[in-house]
Amino acid sequence: QVQLVESGGGLVQAGDSLRLSCAVSGRTFSRTSMGWFRQAPEKERAFVAAISASGGSTSYADSVKGRFTISRDSAKNTVYLQMNSLKPEDTAVYYCARKTTPFSGRGDSTEYVYWGQGTQVTVSS
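The paragraphs below set out a description of the structure included in this document.

So, how was this worked out
Residues numbered from 1 in each chain as written. Predicted model: local features only at pLDDT ≥ 70, side-chain atom pairs only at ≥ 80, totals over all residues. Heavy atoms only, no water. Helix = DSSP H or I, 4+ residues; strand = E, 2+ residues; numbered from the N terminus. Rg over C-alpha atoms; globule rule 2.2 N^0.38 Å. Buried < 20%, exposed > 50% of the residue type's maximum accessible area, 1.4 Å probe, protein only. Contact = heavy atoms within 4.5 Å. Areas by Shrake-Rupley, 256 points an atom, 1.4 Å probe, with all protein chains shown as cover. Salt bridge = Lys/Arg side-chain N within 4 Å of Asp/Glu carboxyl O. Pairing = 2+ DSSP bridges.

## A look at the overall build of the protein chain
Argument step 1. The helix and strand inventory of the protein chain stands at zero helices and eleven strands.
Argument step 2. The N-to-C order of helical and strand elements in the protein chain reads β-β-β-β-β-β-β-β-β-β-β.
Argument step 3. Radius of gyration (C-alpha) of the protein chain: 13 Å, near the 14 Å computed for a compact globule of 125 residues.
Argument step 4. Each of the three principal axes of the protein chain carries a C-alpha extent, and together these read 40 × 25 × 25 Å.
Argument step 5. Residue burial in the protein chain is summarised as follows: out of 125 residues, 42% are buried.
Argument step 6. A separation threshold of at least 6 residues defines the contact pool for the protein chain, and within that pool the share at least 24 residues apart is 58%.
Argument step 7. Surface accessibility of the protein chain: about 6400 Å² in total, with carbon and sulfur atoms responsible for 46%.

## As for the pattern of salt bridges
Pairing is possible between side chains of opposite charge, provided their charged atoms come close.
Argument step 1. Under the counting rule described, the total for this entry stands at five salt bridges.
Argument step 2. The closest approach of N and O atoms between R38 and D90, which form a salt bridge, is 2.9 Å. You can see R38 sitting in strand β4 (residues 34-39) and its partner D90 sitting in the loop between β8 (78-83) and β9 (92-99), a full 52 residues away along the chain.
Argument step 3. As a salt-bridge pair, E111 and R106 come within 2.5 Å of each other at their nearest N and O atoms.

## Some words on the pairing of β8
The two faces of the sheet receive side chains in turn, since in a regular strand these alternate between them.
Argument step 1. Counting buried residues in β8 gives five out of six residues, a clear majority hidden from the surface.
Argument step 2. Where strand β3 (residues 18-24) and β8 come together, six bridges link them in antiparallel fashion. What sits directly across from A23, in β8, is T78.
Argument step 3. Bridge count for strand β7 (residues 68-73) against β8 is six bridges, and the pairing is antiparallel. Counted as the bridge partner of D73 is T78 from β8.
Argument step 4. The turn joining β7 and β8, which pair antiparallel and follow one another in sequence, is formed by four residues; a positive phi near 50° is taken by N77.

All quantities given are derived from atomic positions and should not be read as evidence of function.
Written out as structure tokens, the structure reads:
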């Protein structure tokens, strides 16, 4: 059974940085694309970033380009989201997700099969 467990969220001030981690169980982590999504209060879940199985390809939502970086460590079965220059509008619950199909670069949540429980990120002004 595949499990995804996020960590690293918290309360920070605008301009600060956070690094989210997502630990993934299972032996096929190195062969699957991963993504990060977020959901703010009263808003729909939105794409943040995605990374291919090899780590060689990434994609980002326009709102986070240049500030966020997605990466992965296959030895640790973990995907990361480094978030710099945080803004109040980045406040949301952040979810990591795993695909069973190849990397597409699209932010379509329906392409992701497995999801974590989420971690709260709150950015104060």
